[in-house]
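# Fold and geometry: a report
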Amino acid sequence: MGLFSRKDKALKADAHIDTSHSSVSVNSSNSRMVNRISAGSTGPGTPLSPMSPVKLPRIDLPRPPDPQLDPAGYLRSLGAVRERSSIIMTKAVRNNLKHFDVDFSKLSNVVQFVSGLIKRDFDAPFTSIPPHGRYQHFCVGGRDRIAQLLSTWPSEVDNTERCRRLIDLFLVSVLLDAGAGTQWSYKSNENGRIYRRSEGIAVASLEMFKTGTFSGNPDNRAQVDKVGLKALTVEKLAAGLQSRPGNEMAGLEGRTQLLIRLADALEEKTEFFGHDGRPGNLVDHLLSHPSTQASSVLIVPLPVLWNVLMNGLAPIWPQSRTAINGVSLGDAWPCASMPQSSPWESILPFHKLTQWLTYSLMQPMQSQLNMHFAGTELLTGLPEYRNGGLFIDMGVLTLKSDDMERGLQNYSDYCRRTGSNGIEVAPMFEPGDDVVVEWRGVTVGLLDRLCVEVNKHLKKELAGNELSLAQLLEAGSWKGGREIAEINRPNTKEPPILIDSDGTVF
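Since the model is a prediction, treat every value here as computed from it, not as a measurement.

Reading the values: rules and limits
- Residues numbered from 1 in each chain as written.
- Predicted model: local features only at pLDDT ≥ 70, side-chain atom pairs only at ≥ 80, totals over all residues.
- Heavy atoms only, no water.
- Helix = DSSP H or I, 4+ residues; strand = E, 2+ residues; numbered from the N terminus.
- Buried < 20%, exposed > 50% of the residue type's maximum accessible area, 1.4 Å probe, protein only.
- Contact = heavy atoms within 4.5 Å.
- Expected span 1.5 Å × (residues − 1).
- Bend = angle between axes of the 7 residues up to and from the residue.
- Phe/Tyr/Trp six-rings, centres within 6.5 Å; stacked < 30°, edge-to-face > 60°.
- Pairing = 2+ DSSP bridges.
- Axes fitted to C-alpha atoms, helices over the stretch in contact; angles between N-to-C directions.
- Parallel < 35°, antiparallel > 145°, perpendicular 65-115°, else oblique.
- Left-handed = near helix turned anticlockwise from the far one by under 90°.

### Some words on the overall build of the protein
On a plain count of helices and strands, the protein comes out with 20 helices and 15 strands. Residues classed as buried in the protein amount to 62% of the 506 residues present. Sequence-distant contacts in the protein: of pairs separated by 6 or more residues, those separated by 24 or more amount to 74%.

### Quick word on helix H3 (residues 79-93)
Compared with the 21 Å implied by 1.5 Å per residue over 15 residues, the 22 Å span of H3 between its first and last C-alpha is a close match. Maximal helix bending in H3 amounts to about 30°, located at Ser 86. Following H3 by one or two positions, Asn 95 adopts a phi angle in the positive range, close to 55°.

### With respect to the packing of aromatic side chains
Counted according to the given criterion, the structure contains five aromatic pairs. With centroids separated by 5.7 Å and ring planes inclined at 85°, the aromatic side chains of Tyr 74 and Trp 344 adopt a geometry described as edge-to-face. Residue Tyr 74 is located in helix H2 (residues 71-75), and its partner Trp 344 is located in the loop between strand S10 (332-334) and strand S11 (347-349); the two are separated by 270 residues in the primary sequence. Just as Tyr 74 is buried, Trp 344 falls in that class too. Both rings, one in Phe 272 and one in Phe 273, keep their centres 6.1 Å apart while their planes meet at 75°; by these two values the pair is edge-to-face.

### Quick look at the pairing of strand S7 (residues 298-301)
Alternating residues of S7 divide into Leu 298 and Val 300 and Ile 299 and Pro 301, and every residue in both groups is buried. Across two bridges, strand S6 (residues 293-294) lies against S7 in antiparallel orientation. From the neighbouring strand, Gln 293 faces S7, where its bridge partner is Ile 299. Across four bridges, S7 lies against strand S12 (residues 371-374) in parallel orientation.

### Examining the packing of helix H4 (residues 107-121) against helix H20 (residues 469-488)
Close contact between H4 and H20 brings their axes to 9 Å; oriented N to C, the two are set at 110°. Taken together, the axes of H4 and H20 lie roughly perpendicular to each other. The interaxial crossing formed by H4 with H20 has right-handed handedness. On H20, the residues touching Phe 113, Val 114, Leu 117, Ile 118, Arg 120 and Asp 121 of H4 are Leu 472, Ala 475, Gly 476, Ser 477, Lys 479, Gly 480, Glu 483 and Ile 484.

Below you can see the structure in the form of structure tokens.
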């Protein structure tokens, strides 16, 4: 089969299924990305749910905190991700990065590659492409497991409780999805099929959810709560994920500790998660928030959801990470390519898992409660190894020789330490290494530019429509990063730069 040969209808069936759970408001054109005032409208090319198209009223969004007065608050804000990464992107345009050589002439190859994938897997004008989110991973193999799950709950379970349950599931599943490693796979207890990587973690987490692994409520196994999470151990999670010698999941202990810390956050932040400590109770917080508008359509400003996820889940992140004035910043790291005039300016924030959660949790709230979000244009492309690996494998970014040598030595040390076989050798770094931080920063900017260029390249097929960044992530860059990795490293299918991950970043 040729690289751009159209895949069978099973893949497209997945896309059709997923569209019914997409959010009308998870579609913002790049022209509005840096605008703090959300127009909140959907264009003619946005992937719509079965509900009628909705035009949202203009909503003023709160500005991020002033970094001079509240640097920690600013660096934890969503708007800071794109603003700070733009500094790295400016240096990339000048080919002035510390760890990578940049060749923008190769970007056209990425545009053609990604556009080819989109045309292979979806029909023009591509309105059926769902926004990026966890929901799609649950549908691996053309089976809509979420719809099947919903069908098993009795009719007296109302839409709000159904939404709570899905948020419970999605949140735990996303937090577990930090890269499974090359050795791990999961054999479904329900159909006996083998799944790997993100899809494997999705199926595993769903089956664990259905059996009550995360629930402390004997009357409802289909929930996640503080009691159930506190009872988790590495051994219990390993059993649920089928991690064992020869089938190890990378960073299992880090994932376990993340979920145990989640229990503490759910217990502590009752204003978001209620006294029973369920992630899904954030729905009630959003519905009762004074900024939520519920006239003709239910609208929540995205920064309200972001505040719940950033502040409500703040206790789960390892405290050894970057902090300012005693405030942990989460997925934010010092970077040598950033200004060094003050401590806060040297830090580059990403909040990848929180953004992945935001993309993913909007889907059930849209499908179950017809809830829309104003300000989704603030979300960025996810700076992780699939999106970032795409630009390395396609030649836009090339790791400099000194860093390559250091990374290969790191990989050699890793293989010796773990007993791994170096089947396909690649440079390796820890998540906080300056190489990785700079790579992630330039990835955010490159994804914005890629979205613009792909829309230009597909202008005829789009017929007046426009792909959102969320659609590009789903149908193009993330998938493209995975597929080009499989071509270049067919044995391991790993990215061009390996991450010695603790299971809480990637």
